[in-house]
Amino acid sequence: MQKTKEQRVHEVFEKISDNYDQMNSVISFQQHNKWRNDTMHKMQVPKGAACIDVCCGTADWTIALGEAVGPTGTVVGLDFSQNMLNVGHGKTAHMPQIELVQGNAMALPYPDNSFDFATIGFGLRNVPDYEQALAEMYRVLKPGGMIACLETSQPESLLFKPFFRLYFRFIMPVFGKMFAKSYKEYSWLQESAKTFPGMRELAALFSKVGFTKVKFKPYSGGAAALHMGLKK
Ligand SMILES: C[S@@+](CC[C@H](N)C(=O)[O-])C[C@H]1O[C@@H](n2cnc3c(N)ncnc32)[C@H](O)[C@@H]1O
């Protein structure tokens, strides 16, 4: 029987967890830290806030949120890959405000109106239904709560387009092979990036789910983009 997208993605991340952090720096040329720092600056997360970081992986964004909310706040990092979470546990043991939870982005195990901020970093393109995952984040946010999504995007400049296509098709999987001996797994990353909606299309999906004041910002020529919005 053919595997579903969800099963395939789960296998990929269970397998590459040990090398993920190192690979992430290499394939984004360290840019992912800059993108996240800029996003955190825009979010202005106050001390004491309640946050959820969906598809948290090895917990880098979860940690940034944990630092922002301080000891009086709470941050849930949620991911369906126990191996990715295990790497995250090692990095968050000294931060009691962080709880790492195994769960599915398609059905968040929290009541409506639970969080002030919901983030998803390079996770949305991996889920089987983007709209359902965004609707779940909308549901668990409190009214006035903020969503921030960092994801690969489609460069809009004609100059960049062919470069990105070549990079994703040929260069990124070779990095994968060199560092993680997982050529096949990293091919998945390029495959999912290729079919992910462009910035404007994704912004329209945010609005469709109910978010207001939807804004987006391209990073690195549109290799990635930040989308933000508020729950009514
Ligand atoms: C590319 S990693 C991103 C990790 C982290 N947010 C970061 O920026 O480094 C994508 C993560 O999404 C998780 N994931 C994919 N589909 C999921 C789902 N349906 N529910 C929960 N986690 C999921 C994977 O296990 C993986 O850890």
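Presented here is an overview of the structure given in this document. (Residues numbered from 1 in each chain as written. Predicted model: local features only at pLDDT ≥ 70, side-chain atom pairs only at ≥ 80, totals over all residues. Heavy atoms only, no water.)

1. What to know about the overall build of the protein chain
Next, step 1: Assigned secondary structure in the protein chain consists of eight helices and seven strands.
Next, step 2: Here the C-alpha atoms of the protein chain give a radius of gyration of 17 Å, agreeing with the 17 Å that 2.2 N^0.38 yields for 232 residues.
Next, step 3: If one aligns the C-alpha atoms of the protein chain with their principal axes, the spans along those axes are about 45 × 40 × 35 Å.
Next, step 4: Within the protein chain, residue pairs in contact and separated by at least 24 positions form 71% of the contacts whose partners lie at least 6 positions apart.
Next, step 5: For the protein chain, the accessible surface area stands at approximately 10,900 Å², while carbon and sulfur atoms represent 57% of it.
Next, step 6: For the protein chain, the separation between the mean place of its 26 positive charges and that of its 21 negative charges on side chains is 7 Å. (Helix = DSSP H or I, 4+ residues; strand = E, 2+ residues; numbered from the N terminus. Rg over C-alpha atoms; globule rule 2.2 N^0.38 Å. Contact = heavy atoms within 4.5 Å. Areas by Shrake-Rupley, 256 points an atom, 1.4 Å probe, with all protein chains shown as cover. Lys, Arg positive; Asp, Glu negative; His and termini not counted. Charge placed at Lys NZ, Arg CZ, Asp CG, Glu CD.)

2. Remarks on the side chain of Thr-152
Next, step 1: Within the secondary structure, Thr-152 sits in strand E5 (residues 141-152).
Next, step 2: Residue classification places Thr-152 among the buried positions, given a relative accessible area of 10%.
Next, step 3: A polar contact of 3.3 Å, which involves the side chain of Thr-152, links it to the side chain of Glu-151.
Next, step 4: Setting aside residues up to four positions removed in sequence, Thr-152 forms contacts with Phe-122, Arg-125, Phe-168, Ala-193, Phe-196, Ala-223 and Ala-224. (Buried < 20%, exposed > 50% of the residue type's maximum accessible area, 1.4 Å probe, protein only. Polar contact = N/O pair within 3.5 Å; in protein donor to acceptor, adjacent residues only side chain to side chain.)

3. With respect to the nonpolar core
Next, step 1: Of all hydrophobic cores here, the largest spans 30 residues; its most connected members are Ile-52, Val-54, Tyr-110, Phe-115 and Leu-124.
Next, step 2: The greatest single-element share of this core, amounting to six residues, is contributed by helix H5 (residues 130-140).
Next, step 3: What Leu-124 contacts, discounting residues up to four positions off in sequence, is Tyr-130, Ala-133, Leu-134, Cys-149, Glu-151, Phe-196 and Leu-202. (Core = buried A, V, L, I, M, F, W, Y, C linked by side-chain atoms within 4.5 Å.)

4. A word on the pairing of strand E7 (residues 224-230)
Next, step 1: Counting buried positions over the seven residues of E7 gives six, a clear majority of the element.
Next, step 2: Across seven bridges, E5 lies against E7 in antiparallel orientation. Note that in E7 the partner of Cys-149 across the bridge is His-227.
Next, step 3: One ladder, built from six bridges, connects strand E6 (residues 212-219) with E7; its direction is antiparallel. Bridging from a neighbouring strand, Thr-212 pairs with Leu-230 of E7. (Pairing = 2+ DSSP bridges.)

5. So, the site of the ligand
Next, step 1: Neighbouring the ligand are 19 residues, the closest being Tyr-20, Cys-55, Asp-79, Ala-105 and Gly-121.
Next, step 2: For the ligand, a nitrogen atom lies 3.2 Å from a polar atom in the backbone of Phe-80.
Next, step 3: Ala-105 places a main-chain nitrogen or oxygen 2.9 Å from a nitrogen atom of the ligand.
Next, step 4: Protein chains bury 97% of the 600 Å² of accessible surface belonging to the ligand in isolation.
Next, step 5: No other element matches the five residues that helix H1 (residues 5-27) contributes to the shell around the ligand. (Near = heavy atom within 4 Å.)

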